[in-house]
Amino acid sequence: MSLPFYFQLEAVPPLSPSDFEKRLRAIGESSYHDKHPFHVLMNEGKCDPEQIRGWVANRFYYQVQIPIKDAAILSICPDRELRREWICRIHDHDGIGDDPGGIERWLLLGEAVGLSRAELLEQKRLLPGVRFAVDAYVNFCRSHTWIEAMASSLTELFAPSIHQTRIDAFPKFYPWIREEGLRYFRKRLTQAPKDVSFTLRLVIDRCKTRPAQEAALAALRFKCELLWSMLDTLYMAYVLRIQMPPPDGR
Ligand code: AHQ
């Protein structure tokens, strides 16, 4: 079995830190899912309530798997100082102390768009393609090195604008969505930059060889692909209205 191409780069000199960062950022600039037609429709106010509810319900599966993914990273990271930093991501989603966490804030978003907590918690609207993409993210982080898994979260380099866009667009185009539903996005405006500045510095500092740098770039490309494919599934189901008939008529 041939090794991934980047392992054949041992003799190639590493990228400089600034060129490595430029390569990381270039991935998002071209293929981050803020450019996906479903997000464009949503941010231009062209989604109907059912399409918004479909997006909220399916993204809930991504949200609840984030702490599972981060726990998988903790379980393979041997560095105590890095674990002490990374564990905050689990608290951000599961909650800690008085902060109920991002999963609870996403449940509030669900209620604000007209979905019951039970519908979200029981994954009533979860589409197969979304489940496969999200599970692929968790499995990637379980089966790769901890630095590749951390590098895959760098899609959030491009996330603050995506949250601000929703904070601006939802009240303007979807006044029927209750304001408290936006709490999740508002919280990410500060959490995402904190997470990403730590992770960007770590990946640049720790990926000293060209193979390590190319593996981190491949991890980020993989994550962009899975975020994009989640929205492909939603577009197919909620815009083109093509869904797999439920197996055995369920
Ligand atoms: O709300 C998001 C979030 O908490 C995270 C964690 C991070 C990761 O660990 O991969 N990625 C991420 C993202 C969140 N929101 C997405 C969105 O479109 O609202 C973007 C997504 C990301 O950029 O990876």
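Residues numbered from 1 in each chain as written. Predicted model: local features only at pLDDT ≥ 70, side-chain atom pairs only at ≥ 80, totals over all residues. Heavy atoms only, no water.

> Would you mind going over the site of the ligand in detail, with residue names and values included?
Around the ligand, 20 residues are found, and the nearest of them are Lys 69, Tyr 137, Thr 155, Arg 166 and Tyr 184. Take Arg 59: an N or O atom from its side chain is 3.0 Å from an oxygen atom of the ligand. The side chain of Tyr 184 places a nitrogen or oxygen atom 2.4 Å from an oxygen atom of the ligand. Looking at the shell around the ligand, its residues break down into seven nonpolar, six polar and seven charged. (Near = heavy atom within 4 Å. Polar contact = N/O pair within 3.5 Å; in protein donor to acceptor, adjacent residues only side chain to side chain. Nonpolar A, V, L, I, M, F, W, Y, C, P; charged D, E, K, R; others polar.)

> Hey, could you go over helix H3 (residues 49-76) for me, with residue numbers and the actual values?
If you check H3, its first and last C-alpha atoms are 41 Å apart, about what 28 residues at 1.5 Å a residue would give, namely 40 Å. At Gln 65, H3 shows its maximal bend, which comes to roughly 30 degrees, and the proline Pro 67 appears one to four places after that position. Residue Asp 48 occupies the N-cap position of H3, its side-chain oxygen lying 3.0 Å from the main-chain nitrogen of Glu 50. (Helix = DSSP H or I, 4+ residues; strand = E, 2+ residues; numbered from the N terminus. Expected span 1.5 Å × (residues − 1). Bend = angle between axes of the 7 residues up to and from the residue.)

> Could you give an account of the side chain of Arg 166, naming the residues involved and the relevant values?
Here Arg 166 lies in helix H9 (residues 159-173). Notably, Arg 166 is buried but unbridged: the nearest opposite-charge side chain belongs to Glu 156, and the N-O separation is 8.7 Å. Contact partners of Arg 166, with chain neighbours within four places excluded, come to His 39, Met 42, Asn 43, Trp 55, Arg 59, Pro 171 and Phe 185. (Buried < 20%, exposed > 50% of the residue type's maximum accessible area, 1.4 Å probe, protein only. Lys, Arg positive; Asp, Glu negative; His and termini not counted. Salt bridge = Lys/Arg side-chain N within 4 Å of Asp/Glu carboxyl O. Contact = heavy atoms within 4.5 Å.)

> Account for the packing of helix H1 (residues 17-31) against helix H11 (residues 210-238), naming residues and giving values.
At a minimum axis separation of 10 Å, H1 and H11 run at an interaxial angle of 15 degrees. With respect to each other, H1 and H11 are oriented roughly parallel. Considering how the two elements wind past one another, H1 and H11 form a crossing that is right-handed. On H11, the residues touching Phe 20, Arg 23, Leu 24, Ile 27 and Ser 31 of H1 are Arg 210, Gln 213, Glu 214, Ala 216, Leu 217, Leu 220, Arg 221, Cys 224 and Trp 228. Taken together, the residues that form the contact of H1 with H11 break down as eight nonpolar, two polar and four charged. (Axes fitted to C-alpha atoms, helices over the stretch in contact; angles between N-to-C directions. Parallel < 35°, antiparallel > 145°, perpendicular 65-115°, else oblique. Left-handed = near helix turned anticlockwise from the far one by under 90°.)

> Outline the environment of Lys 172, listing residues and values.
Structurally, the position occupied by Lys 172 is in helix H9. Lys 172 gets classed as exposed once you look at its relative accessible area, which sits at 62%. Considered as a pair, Lys 172 and Asn 43 are 129 residues apart in the sequence and their alpha carbons are 9.9 Å apart.

> Before we move on, could you go through unusual backbone geometry and cite the residues and values that matter?
With a phi angle near 50 degrees, Gln 123 is a residue other than glycine that sits in the positive phi range. Note that Gln 123 resides in the loop between helix H6 (117-121) and helix H7 (128-143). A positive phi angle, close to 60 degrees, is found at Arg 241, a residue other than glycine. With respect to the helices, strands and loops of the structure, Arg 241 is situated in the segment after H11.

> Which residues make up a nonpolar patch on the surface, and what are the values?
Together, Met 236, Leu 240 and Ile 242 make up a nonpolar patch on the protein surface, roughly 270 Å² of accessible area in all. On the secondary structure map, Met 236 appears in helix H11. We classify Met 236 as partly exposed; its relative accessible area is 38%. (Patch = residues over 30% accessible without salt bridge, like charges linked within 9 Å, V, L, I, M, F, W, Y side chains within 5 Å. Areas by Shrake-Rupley, 256 points an atom, 1.4 Å probe, with all protein chains shown as cover.)

> Got a sec to walk through the packing of helix H4 (residues 80-94) against helix H5 (residues 102-112)? Specific residues and values, please.
Closest axis-to-axis distance for the H4/H5 pair is 4 Å, and the angle between their directions is 30 degrees. Comparing the axis directions of H4 and H5 gives the class roughly parallel. Residue-level contacts link Asp 92, His 93 and Asp 94 of H4 to Gly 102, Ile 103 and Arg 105 of H5. Residues belonging to the contact of H4 with H5 are distributed by class as follows: one nonpolar, two polar and three charged.

> Tell me about H5, and name the residues and values.
Where burial is concerned, most of H5 is hidden: nine out of the eleven residues are buried. The first or second residue beyond H5 is Gly 114, which carries a positive phi of 100 degrees.

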